[in-house]
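An overview of the molecular structure
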Amino acid sequence: VDAAGQHYPENWVPGFGFVAPAAGEVQGPSLAEWFVRSIASRSGANPRTRDDYERDFSRNVPSWLAEMSIGSITREDVGRWLIELQGKGLSAKSIHNTHSTVSSVMKDAQADDLIRRNPFHGQSKSIPVRHEDMCFLTPGEYDQFREFIVEYYRPFVDFLFTTGLRFGEATALMPHHVDLTEKRLHVTTAWKRQPDGTYLSQEPKSLRARRTLTLTDRQVEVLKGLFEPRELIFRNHRGDRIQQSTFHGDTWTPALKRAREVGFTKRPRPHDLRHSHAAYLLSTGRPMLAVSRRLGHASITTTNDRYGHLLPHVDQDMVAAMNDIGY
């Protein structure tokens, strides 16, 4: 066990002991063959997602590993592969994403009794991921910055800041997603890039991303003024979808430049409006689980990893509680 790095040796099966493959035993399809089969059977993934998986596999899984049968791959092989990826200069996030996809494919093989254990399971945990730098704007700082946004787009950026919606979610909203009477917003769709480079309005990135938000009276009034039957709520000057790259270059960057010329020191991106929304809610004591649901995170772990450091008052409250009981 020591020689195997505190893991069961590859030919050890819990409950059975050392098990050697019988003579002529089939080791299953190659990793590349099984990957294609497994990904093709994922009914919940759209064509673009499947293409992305296959692209990452072809780029990041070398032939020596891709051509191995799934039953013969060892944890040592996986470790060697991860070291190779780090040596290529691939970002930790890209390594984790590729490893996670391949591991999930091998989990499918395990479920189908093609392999006894998944040698990829947990192997990338030791590779630290550096999260994106986030720029948080307080409500006062946001008010200061929004003055430099052209008036036409102020309702849009206000909506991003006050709802925490992703750019692709907000720009896909249509009147039937909003119940003005009940003051409810139903997030059920987002723009997804297709294999041919076009964009299609589809379900959000995860089941948790489908959510319902309660709107303020002001938000209701703003949305009511933007409604056009069978049209997107937020549109560019031509009445079409607001494209993130165009919005950033033509609207956001010029506004930031003008703001910095008069002393505004921060450099937020449009996505930082979502981060700022989360930060404000957490700083005012809103429960992290509620904020996680509002943001549409797949797991509260995601919310904690990104924003947990913004909660110093939680630690202070714990200290106060210990003081109250004499400890």
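As the structure is a computational prediction, the values presented were derived from the model and not from experiment. (Residues numbered from 1 in each chain as written. Predicted model: local features only at pLDDT ≥ 70, side-chain atom pairs only at ≥ 80, totals over all residues. Heavy atoms only, no water.)

1. A look at the sheet that holds strand β3 (residues 178-179)
Picture the strands of a sheet paired through backbone hydrogen bonds; they go either parallel or antiparallel. Spatial strand order, β3-β4-β7: three strands in an open sheet with antiparallel pairing. Every interior strand has two partners, whereas the edge strands, β3 and β7 (211-214), have only one. Bridge analysis of β3 against strand β4 (residues 184-187) gives two bridges, and the strand direction is antiparallel. Among the inter-strand pairings, D179 is bridged to a residue of β4, identified as R184. (Pairing = 2+ DSSP bridges. Helix = DSSP H or I, 4+ residues; strand = E, 2+ residues; numbered from the N terminus.)

2. Let's talk about the pairing of β7
Burial along β7 is one-sided: R211 and L213 are buried, while T212 and T214, pointing the other way, are not. As defined by bridge partners, β4 adjoins β7 across four bridges and the pair is classed as antiparallel. Each bridged residue has a counterpart across the sheet, and for H186 the counterpart in β7 is T212. (Buried < 20%, exposed > 50% of the residue type's maximum accessible area, 1.4 Å probe, protein only.)

3. What about the packing of helix α11 (residues 272-283) against helix α12 (residues 288-295)?
Closest axis-to-axis distance for the α11/α12 pair is 10 Å, and the angle between their directions is 155°. Taken together, the axes of α11 and α12 lie roughly antiparallel to each other. As for the relative orientation of α11 and α12, their crossing is right-handed in sense. Taking contact as the criterion, the partners of R274, H277, A278, L281 and L282 in α11 are, on α12, M288, V291, R294 and L295. Taken together, the residues of the contact of α11 with α12 break down into six nonpolar, one polar and two charged. (Axes fitted to C-alpha atoms, helices over the stretch in contact; angles between N-to-C directions. Parallel < 35°, antiparallel > 145°, perpendicular 65-115°, else oblique. Left-handed = near helix turned anticlockwise from the far one by under 90°. Contact = heavy atoms within 4.5 Å. Nonpolar A, V, L, I, M, F, W, Y, C, P; charged D, E, K, R; others polar.)

4. With respect to the packing of aromatic side chains
One pass over the full model with this rule turns up 14 aromatic pairs. Seen in terms of ring centroids, F145 and W252 are 4.9 Å apart; in terms of plane orientation they differ by 55°. Their pairing is tilted. One end of the pair, F145, is in helix α6 (residues 139-146); the other, W252, is in helix α10 (residues 244-261), with 107 residues separating them in the sequence. The pair formed by F145 and W252 is uniform in burial state, with each residue classed as buried. Between F156 and F167, the aromatic rings sit 5.4 Å apart at their centres with planes inclined by 90°, giving edge-to-face as the arrangement. Of this pair, F156 sits in helix α7 (residues 154-163) while F167 sits in helix α8 (residues 167-170), and the two are eleven residues apart along the sequence. Here F156 and F167 have matching classes, each one buried. Through pairs of rings, three or more aromatic residues link up here, namely F145, Y152, Y153, F156, F159, F167, F234, F247, W252 and F264. Note that R80 overlies the ring of W64, its terminal NZ or CZ placed 3.8 Å from the centroid. (Phe/Tyr/Trp six-rings, centres within 6.5 Å; stacked < 30°, edge-to-face > 60°. Lys NZ or Arg CZ within 6 Å of the ring centre and 35° of its normal.)

5. A word on the environment of Y53
As for its position among the elements, Y53 is in helix α2 (residues 47-60). Y53 gets classed as partly exposed once you look at its relative accessible area, which sits at 25%. Considering only alpha carbons, one finds Y53 and V102, 49 residues apart in sequence, at a separation of 9.0 Å. Not counting chain neighbours up to four residues away, the residues in contact with Y53 comprise F35, I39, R42 and T101.

6. Points about the side chain of H277
Positionally, H277 belongs in helix α11. We classify H277 as buried; its relative accessible area is 6%. Ignoring anything within four residues of it in the chain, the contact list for H277 reads F161, T162, T163, G164, R294 and L295.

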